[in-house]
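Here's the letter readout for the chains.
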Amino acid sequence: HHKKKDFAGAFKHYREAVERCYEDAELHVDYGEFLSEVYTDYRELRNGEWQDSNRLAEEQFVQAIECAPREVSYYVALANFLTSRKRHKEAFKMYQTALTMDENNAETLGHYASFLEEAKKDHDGAEQMFLRAIRADKRNPVYLYNYALFCQDRRKDYAKADDYFL
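Cut-off values and rules
- Residues numbered from 1 in each chain as written.
- Predicted model: local features only at pLDDT ≥ 70, side-chain atom pairs only at ≥ 80, totals over all residues.
- Heavy atoms only, no water.
- Phe/Tyr/Trp six-rings, centres within 6.5 Å; stacked < 30°, edge-to-face > 60°.
- Helix = DSSP H or I, 4+ residues; strand = E, 2+ residues; numbered from the N terminus.
- Buried < 20%, exposed > 50% of the residue type's maximum accessible area, 1.4 Å probe, protein only.
- Polar contact = N/O pair within 3.5 Å; in protein donor to acceptor, adjacent residues only side chain to side chain.
- Patch = residues over 30% accessible without salt bridge, like charges linked within 9 Å, V, L, I, M, F, W, Y side chains within 5 Å.
- Areas by Shrake-Rupley, 256 points an atom, 1.4 Å probe, with all protein chains shown as cover.
- Salt bridge = Lys/Arg side-chain N within 4 Å of Asp/Glu carboxyl O.
- Lys, Arg positive; Asp, Glu negative; His and termini not counted.
- Charge placed at Lys NZ, Arg CZ, Asp CG, Glu CD.
- Axes fitted to C-alpha atoms, helices over the stretch in contact; angles between N-to-C directions.
- Parallel < 35°, antiparallel > 145°, perpendicular 65-115°, else oblique.
- Left-handed = near helix turned anticlockwise from the far one by under 90°.
- Contact = heavy atoms within 4.5 Å.
- Nonpolar A, V, L, I, M, F, W, Y, C, P; charged D, E, K, R; others polar.
- Pairing = 2+ DSSP bridges.

A. Structural view of the packing of aromatic side chains. Throughout the structure, instances matching the rule amount to 19 aromatic pairs. Taken together, a centroid distance of 5.1 Å and an interplanar angle of 45° make the contact between Y95 and F115 tilted. Taken as a pair, Y95 in helix α5 (residues 88-101) and F115 in helix α6 (residues 106-118) lie far apart in primary sequence, 20 residues in all. F115 matches Y95 in its accessibility class, with the two residues each being buried.

Here it is, written out as structure tokens:
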């Protein structure tokens with residue numbers, strides 16, 4: 001349904017799946033991403049209040065954490081969602097929680113670096129996190145490319161950027 005652009009059908013299937021498999025944290029994350037990135041204009045009346053896709057998406061990310069509180073990537077997913085909604089203080093707390101759980105998680109470091117660069121304008125902190133992400137996962141092209149862009153766009157260090165572009 002998702003690929004056919006039948007968003008209402010996909011929504012119905014996600015909702016049914018979540019009701020049947022409520023403890024499936026990954027399903028909650030997928031559903032949250034669907035609501036926050038694809039089916040963004042959904043609204044429903046629940047308990048006398050209008051709920052939009054953002055509110056419903058956030059509930060899914062939180063539910064994923066409740067289902068699997070030791071899974072770092074779910075905190076990162078919620079932090080990314082909060083960042084995209086300009087809720088930077090809350091996003092910062094989620095990144096800090098994720099880093100406390102695993103300070104060398106490359107995915108967390110990479111996303112946190114982008115957060116520091118774009119949301120906080122903390123370029124020194126972002127550079128440290130980009131380099132830590134690269135050290136944690138030396139072959140990941142995303143971290144290499146993002147750091148290369150950082151060197152090019154933020155530092156204007158084109159020679160260094162060339163070293164990191166693949």
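B. Fine view of the side chain of H28. Along the chain, the position of H28 falls in helix α2 (residues 25-38). Within the structure, H28 has its side chain in polar contact with the side chain of Q60 (distance 2.6 Å).

C. Molecular detail of a negative patch on the surface. Where like charges cluster on the molecular surface, the negative patch consists of D24, E26, D30, E33, E37, E71 and E107. Among the elements that take part in the negative patch, α2 stands out by supplying 4 residues, more than any other. Mapped onto the secondary structure, D30 falls in helix α2. Here D30 falls in the partly exposed class, since its relative accessible area comes to 31%.

D. Representation of unusual backbone geometry within the structure. Unusually for a residue other than glycine, K86 sits at a positive phi of about 60°. Judged by relative accessible area, which is 64%, K86 ranks as exposed.

E. Molecular detail of the pattern of salt bridges. Applying the stated criterion across every chain yields a total of 10 salt bridges. One salt bridge connects E59 with R46, and the closest N-O pair in it is separated by 3.2 Å. Taken together, the residues span a long stretch of sequence, with E59 in helix α3 (residues 53-67) and R46 in strand β1 (residues 43-46) at a distance of 13 residues. Taking relative accessible area as the criterion, E59 reaches 30% and is therefore assigned partly exposed. Judged by relative accessible area, which is 29%, R46 ranks as partly exposed.

F. Quick look at the environment of D153. Within the secondary structure layout, D153 lies in helix α8 (residues 141-153). A polar contact of 3.1 Å, which involves the side chain of D153, links it to the side chain of Q152.

G. Local environment of the packing of α6 against helix α7 (residues 123-136). Two elements in contact, α6 and α7, have axes separated by 8 Å at closest approach and are oriented at 160°. Here α6 lies roughly antiparallel to α7, going by the angle between them. Between α6 and α7 lies a crossing of left-handed hand. Side by side, α6 and α7 meet where A106, L109, G110, Y112, A113, S114, L116 and E117 of the first sit next to H123, G125, A126, M129, F130, R132, A133 and A136 of the second. Looking at side-chain class alone, the contact of α6 with α7 contains 10 nonpolar, 4 polar and 2 charged residues.

H. Local environment of the pairing of strand β2 (residues 49-52). With 4 bridges connecting them, β1 and β2 associate as antiparallel partners. Of the residues in β2, the one forming a bridge with R46 is E49.

I. Quick peek at the packing of α3 against helix α4 (residues 72-84). The contact between α3 and α4 brings their axes to 8 Å, and the two run at 160°. Between α3 and α4, the angle is such that the two are roughly antiparallel. Considering only the axes of α3 and α4, their crossing is left-handed. Mapping the contact onto sequence places N54, A57, E58, F61, V62, A64 and I65 in α3 and Y74, Y75, A77, L78, F81 and L82 in α4. Of the residues assigned to the contact of α3 with α4, the class counts are 11 nonpolar, 1 polar and 1 charged.

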